[in-house]
Amino acid sequence: MVKETFLEDFILTMNECGFDVAEESLDDELQYDSLQFVSTMVSIEEKYGITIPDDYMLGEGLDTARDFINMVYLLKETEDEKQ
Amino acid sequence: MLNWTKYHILEKIKDDRILLWNTFLGKGITLVGNIAPICESEVSGVWSGEDSKAKQILQSNGFLIEKDQYDVEGKLISKMRSETVYDDSFMSITIIPTDTCNFNCIYCYQSDTIHNMSKETADSIIRMIARKKTLRKLHISWFGGEPLCNKEIVFYIMEGINRVCKERGIVLIADMTTNASLLDLPTFIRLYDLKVLNYQITIDGCKKTHDVQRPLKSGGSSYDMILKNLRDIRDNAKGRFFKIGIRTNFTDFVDNQFAAMKDTLEEEFSNDSRFYFFFQWVKNWGGNRISGIMDRLLSDDEAISHYGRWMDQMAQTSVRTGDITLIRPCSGLCVGCRKNSFIVDTDGSICKCTTGMYDKDYRDRVVIGKIEKNGLYKIDKWKEIDWLSMDADQNECEKCAQYPICLGMPCPYYKIKHKRVICNKKTDYVCKIILAMEKQGHIQEIRI
């Protein structure tokens, strides 16, 4: 249930950032330029209260919406562990 | 047979090292090894050598192209210009929340007026954006005066715009030209969350020179205030997706203190890619104040001769010098040249140039419309066309390596005022920037 809410929320965030993403297209390759990438990363930081580190600055490995979701999970886990 | 693309720059650094920059693709490589065949082929314009590793690298990086591609590459860039100038999915709005400033810079072209944007005008800007149904990408720039002298309106508009963009799935990014004296950490963090991510601030050399060139209006020092804010941001801002460009406006005075400035920048901003350095030489940008320092200005020719030295010395530090954003394709295209790019003055007037709007002799040509309360806006098409038309010789531009950067449309205000097109090529700034990037290791090196 929690995961479903997260997914719905995440898809909404991606839509707000100009991505045409739905649950059935999470593995489709995303097309974005540097402007949309940066804008999206800042939206994700704000929405999930995380700081995205330098490793992700160039967008390497972030090809699909699922890649972005995995990044958020990983960073949230890391931050939770720190707390 | 393969041809060299017209849109490249080759700089020989050493006998076994060359730097190549593709201005159309906005990327470069450094080749190390036996470069003689490459240099010879570049002069001839065609690759007649063997099928070597060098050839493969040049081809895969877009330096060598097929003959039929070579014949149409200029037209491809001209098409890119038309699409960029008339793109209805993009909008760029420079907002002047106030024309007042807390600084009294000795070269400033603006006059001492106090006009603050009202909430009513702020609402009309938000409505204007909401009404633009074709909009997919929005770029907001904050300018002044000092925009943070009317901070609350900046926050108010950015909150409204963020709301509209979220609802409509519009990609939003914003920047700000600020003197940074009021850019304290809480302000910066709030702006970051509102997607104001790129900043241009100015530090004119060391404390001694900066405080002479950029004093507070009250007469006091501004240097320490700026440095304190930048240190706070550097040490405490959590977000990584911002860039602060530190600009230095050079006069002979700053030039004489170059070493002190370099030391400070190196001490404060080394190895931090969020901060980068660039410069401009002080020119007569208009207004009355400049008359007091005319004898201290460098001529364009003098400044250009110093340009390489400044860039070279800064490139020896670990402060990022020569940001790639300055030389990307289209980056030299003035926002005034784009149909959906406007400057909104404090009263809602729609202008095309932040310099020209303060030129009383030409303001009428610069103001091309006004936003109404409901967000509708009318543009005077007769005035607008002066800004959107390409008046350079297209055939000549298509032959120029820098065409993808400026798209043949440099400074439309200069064109309107002086009735001729000024070409930026003579400054050769692209070469200086790529050389600085190479020196700092920001360009991929390949052994051949």
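Residues numbered from 1 in each chain as written. Chains lettered and ligands numbered in written order. Predicted model: local features only at pLDDT ≥ 70, side-chain atom pairs only at ≥ 80, totals over all residues.

Quick look at the overall build of chain B
Here comes step 1: Scanning chain B from terminus to terminus reveals 17 helices and 18 strands.
Here comes step 2: Against the 2.2 N^0.38 benchmark of 22 Å for 448 residues, chain B shows a C-alpha radius of gyration of 23 Å, consistent with a compact globule.
Here comes step 3: Along the first, second and third principal axes, the C-alpha set of chain B runs to 70 × 50 × 45 Å.
Here comes step 4: The burial tally for chain B puts 40% of its 448 residues in the buried class.
Here comes step 5: Across chain B, the fraction of contacts at a sequence separation of at least 24, relative to all contacts at a separation of at least 6, is 73%. (Helix = DSSP H or I, 4+ residues; strand = E, 2+ residues; numbered from the N terminus. Rg over C-alpha atoms; globule rule 2.2 N^0.38 Å. Buried ≥ 20, exposed ≤ 12 C-beta atoms within 10 Å, placed from the backbone. Contact = placed C-beta atoms within 7 Å.)

Overview of the confidence of the model for chain A
Here comes step 1: This prediction gives chain A a mean pLDDT of 91; 96% of its residues lie at or above 70.
Here comes step 2: No element of chain A has a lower mean pLDDT than helix H1 (residues 2-16) of chain A, at 88, and none a higher one than helix H2 (residues 34-48) of chain A, at 94. (pLDDT = per-residue confidence, 0-100.)

Some words on the sheet that holds strand S14 (residues 341-344) of chain B
Here comes step 1: Across the sheet, which stays open at both edges, the 11 strands sit in the order S13-S12-S11-S10-S9-S8-S7-S14-S15-S16-S17 (chain B) with mixed pairing between neighbours. With one partner strand each, in any of the chains shown, strand S13 (320-321) and strand S17 (377-379) of chain B form the two edges of the open sheet.
Here comes step 2: By the bridge criterion, 4 bridges tie strand S9 (residues 171-177) of chain B to strand S10 (residues 196-202) of chain B in an arrangement that is parallel. Looking across to S10(B), one finds that B:Met176 is bridged to B:Tyr199.
Here comes step 3: Sitting on the sheet, H2(A) touches strand S8 (137-142), S9 and S10 of chain B, and the angle it makes with S9(B) is about 90°. (Pairing = 2+ DSSP bridges. Axes fitted to C-alpha atoms, helices over the stretch in contact; angles between N-to-C directions.)

With respect to the interface of chain B and chain A
Here comes step 1: Listed as interface residues are 15 residues of chain B and, on the opposing side, 17 residues of chain A.
Here comes step 2: Considering each element in turn, the side of chain B that touches chain A owes the most residues, 3 residues, to S9(B).
Here comes step 3: For the side of chain B that touches chain A, the class distribution of residues is 6 nonpolar, 2 polar and 7 charged. (Nonpolar A, V, L, I, M, F, W, Y, C, P; charged D, E, K, R; others polar.)

Examining the domain arrangement of chain B
Here comes step 1: The domain architecture assigned to chain B consists of domain 1 (2-72 + 434-447) and domain 2 (88-316).
Here comes step 2: Measuring from the centre of the C-alpha atoms in domain 1 of chain B to the corresponding centre in domain 2 of chain B gives 36 Å. (Domains from an automatic or database assignment.)

Section: the environment of B:Met158
Here comes step 1: Take B:Met158: it is sitting in helix H5 (residues 151-168).
Here comes step 2: Residues within four places of B:Met158 in sequence aside, it is in contact with B:Ala174, B:Leu194 and B:Val196.

Some thoughts on the packing of helix H11 (residues 300-315) of chain B against helix H17 (residues 429-439) of chain B
All names here are of chain B.
Here comes step 1: Two elements in contact, H11 and H17, have axes separated by 9 Å at closest approach and are oriented at 15°. In terms of their interaxial angle, H11 and H17 are classed as roughly parallel. H17 is crossed by H11, and the crossing has right-handed handedness. Here Tyr307, Gly308, Met311, Met314 and Ala315 of H11 lie close against H17, whose contacting residues are Tyr429, Lys432, Leu435, Ala436 and Lys439. (Parallel < 35°, antiparallel > 145°, perpendicular 65-115°, else oblique. Left-handed = near helix turned anticlockwise from the far one by under 90°.)

Brief notes about the environment of B:Thr346
Residue and element names in this part refer to chain B.
Here comes step 1: With respect to the helices and strands, Thr346 occurs in the loop between S14 and strand S15 (349-351).
Here comes step 2: Taking the number of C-beta atoms within 10 Å as the measure of exposure, Thr346 has 22 and is therefore buried.
Here comes step 3: Residues Thr346 and Met390 lie 44 residues apart in sequence; the distance between their C-alpha atoms is 29 Å.
Here comes step 4: In this view, Thr346 contacts Ile96, Thr98, Asp99, His115, Asn116 and Met117; residues no more than four positions away in its chain are not counted.

A short note on unusual backbone geometry
Residues and elements named next belong to chain B.
Here comes step 1: In this structure, Gly145 follows Gly144 across a cis peptide bond, with omega equal to 20°.
Here comes step 2: Here Gly145 shows up in the loop between S8 and H5.
Here comes step 3: One non-glycine residue, Lys195, adopts positive backbone phi at about 75°.
Here comes step 4: Locating Lys195 in the fold gives a position in the loop between helix H6 (185-193) and S10.
Here comes step 5: Judged by local crowding, Lys195 falls into the buried class, with 25 C-beta atoms found within 10 Å.
Here comes step 6: The phi dihedral of Cys330 falls on the positive side, at around 75°, and the residue is not glycine.
Here comes step 7: By the element assignment, Cys330 lies in the loop between S13 and S14.
Here comes step 8: For Cys330, a count of 16 C-beta atoms within 10 Å corresponds to the partly exposed category.

Quick look at the packing of helix H4 (residues 119-131) of chain B against H5(B)
Residues and elements named next belong to chain B.
Here comes step 1: Across the interface, H4 lies against H5 with an axial gap of 10 Å and an inter-helix angle of 20°. With respect to each other, H4 and H5 are oriented roughly parallel. Judged by the sense of rotation from one axis to the other, the crossing of H4 with H5 is right-handed. Residues Lys119, Ala122, Ile125, Ile126, Ile129 and Ala130 of H4 form the contact with H5, whose participating residues are Ile153, Tyr156, Ile157, Gly160, Ile161 and Val164.
Here comes step 2: Considering only residue class, the contact of H4 with H5 consists of 10 nonpolar, 1 polar and 1 charged.

Side note on the pairing of strand S2 (residues 8-14) of chain B
All names here are of chain B.
Here comes step 1: Summarising the sheet, S2 and strand S3 (residues 17-22) pair through 6 bridges and their orientation is antiparallel. Residue pairing in the sheet places Lys14 in a bridge with Arg17 of S3.
Here comes step 2: Linking two consecutive strands that pair antiparallel, namely S2 and S3, is a turn of 2 residues.

A closer look at the pairing of strand S4 (residues 27-32) of chain B
All names here are of chain B.
Here comes step 1: Here S3 runs beside S4; their pairing, made up of 6 bridges, is antiparallel. Paired with Arg17 across the two strands is Val32, which belongs to S4.
Here comes step 2: Here S3 folds back onto S4 in antiparallel fashion, the turn holding 4 residues, of which Gly26 has a positive phi close to 70°.
Here comes step 3: Pairing of S4 with strand S18 (residues 444-447), which is carried by 4 bridges, proceeds in the parallel orientation. Note on S18: the bridge partner recorded for Val32 is Arg447.

Some points on the sheet that holds strand S6 (residues 64-66) of chain B
Residues and elements named next belong to chain B.
Here comes step 1: In spatial order, the strands read S5-S1-S6; together these 3 strands make up an open sheet with antiparallel pairing. Looking at the sheet topology across the chains shown, the edges are occupied by strand S5 (46-47) and S6.
Here comes step 2: Where strand S1 (residues 2-4) meets S6, 3 bridges bridge the pair, whose relative direction is antiparallel. Counterpart to Trp4 in the pairing with S6 is Leu64.
Here comes step 3: This element, helix H3 (residues 67-85), spans S1 and S6 of the sheet and lies at about 100° to S6.

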